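Commentary on secondary and tertiary structure
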Amino acid sequence: MKKIILISLIAVIVGMTTDCKSQNANSADIKIYEGYTDLGLPSGTLWKDTNEVGFFSFDTAMSIFGDNLPTKEQMEELVNICKWEWDGANYKVIGPNGNYILLPAAGRIVDGTYADAYSICVQGCYWTSTQGDPIADMTAAWNLWFYLGKIKITNSPHWIGLSIRLVKRKTA
């Protein structure tokens, strides 16, 4: 019963956040790498154009996506090198080369049973693959967090359901 409620809740949230989830609108003459965008970052990291559907605990995200999750260092590069513009529901993250991705403020799932409804279209949280410092004896991992104009890399417990944005290395 609990799983059915959670799945129903996620379906409602995904439906509610449709306006918050946008596709990239880079111009047609920009080289696209099979659904990934080259932001011109020094690391050569390519960022997927869209989020994975749903919210994931850290452990589930690692088991499903593994090496395709960004590291803490890749997320820090995104935060520190790119220009961030808020449009009311997404951050437009513009790389040094002018290409961009949109990061929706999709909210998060807390305790696996309910969503922070207040945070939909206001707050965005994205896991990295990097283990964090323990929080009150709980295992934790690093993630990107943005809310009301604040953008930072923070540490959260593994069990919170966050968004996923995948990465890959540029190939010649």
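None of these values were measured; they are calculated from a predicted model.

Each value, and the rule that gives it
Residues numbered from 1 in each chain as written. Predicted model: local features only at pLDDT ≥ 70, side-chain atom pairs only at ≥ 80, totals over all residues. Heavy atoms only, no water. Pairing = 2+ DSSP bridges. Helix = DSSP H or I, 4+ residues; strand = E, 2+ residues; numbered from the N terminus. Axes fitted to C-alpha atoms, helices over the stretch in contact; angles between N-to-C directions. Contact = heavy atoms within 4.5 Å. Buried < 20%, exposed > 50% of the residue type's maximum accessible area, 1.4 Å probe, protein only. Phe/Tyr/Trp six-rings, centres within 6.5 Å; stacked < 30°, edge-to-face > 60°. Lys NZ or Arg CZ within 6 Å of the ring centre and 35° of its normal. Polar contact = N/O pair within 3.5 Å; in protein donor to acceptor, adjacent residues only side chain to side chain.

1. Some words on the sheet that holds strand β10 (residues 140-147)
Judged by pairing direction, the sheet is antiparallel, and its 3 strands sit side by side in the order β9-β10-β11 without closing on themselves. With one partner strand each, in any of the chains shown, β9 (123-131) and β11 (150-157) form the two edges of the open sheet. Sheet twist, expressed as the mean angle between neighbouring strand axes with direction ignored, is 30 degrees. Note: β9 against β10, 6 bridges, orientation antiparallel. Note on β10: the bridge partner recorded for Gln123 is Tyr147. The sheet strands contacting helix α2 (residues 58-65) are β9 and β10, and the helix crosses β9 at an angle near 65 degrees. Seen against the sheet, helix α3 (residues 72-81) touches β9, β10 and β11 and runs at an angle of roughly 140 degrees to β9.

2. Comments concerning the pairing of β10
Regular strands have side chains that alternate between both faces of the sheet. Summarising burial for β10: 7 of the 8 residues are buried, a large majority. In terms of strand pairing, β10 meets β11 through 8 bridges, oriented antiparallel. Looking at the pairing, Asn143 lines up with Thr154 of β11. The turn linking β10 back onto β11 is made up of 2 residues, and Leu148 within it adopts a positive phi angle of 50 degrees.

3. Here's the deal with the packing of aromatic side chains
Tallying each qualifying case throughout the model produces 9 aromatic pairs. Ring geometry for Trp145 against Tyr147: centres 6.0 Å apart, planes inclined by 35 degrees, an arrangement best described as tilted. Stacked on the ring of Trp142, the Lys or Arg Lys72 has its end atom at 3.9 Å from the ring centre. Directly above the ring of Tyr100 sits Lys92, whose terminal nitrogen or CZ lies 4.3 Å from the centroid.

4. Some details on the environment of Trp145
Looking at the secondary structure, you find Trp145 in strand β10. Assessed through its relative accessible area of 17%, Trp145 is described here as buried. For Trp145 and Leu162, which are 17 residues apart along the polypeptide, the C-alpha to C-alpha distance reads 9.7 Å. Sequence-distant contacts of Trp145, defined by excluding residues within four places in its chain, comprise Gln123, Gly124, Cys125, Lys150, Ile151, Lys152 and Thr154. Engagement of the side chain of Trp145 in a polar contact is seen with the side chain of Gln123, the distance being 3.0 Å.

5. A look at the sheet that holds strand β5 (residues 90-94)
Pairing is antiparallel in the open sheet, where 3 strands are placed in the order β4-β5-β6. One side of each edge strand has no neighbouring strand; the edge strands of this open sheet are β4 (83-86) and β6 (100-104). Strand-to-strand, the axes of this sheet are offset by a mean angle of 25 degrees, without reference to chain direction. Where β4 meets β5, 4 bridges bridge the pair, whose relative direction is antiparallel. Looking at β5, one finds that Lys83 is bridged to Ile94.

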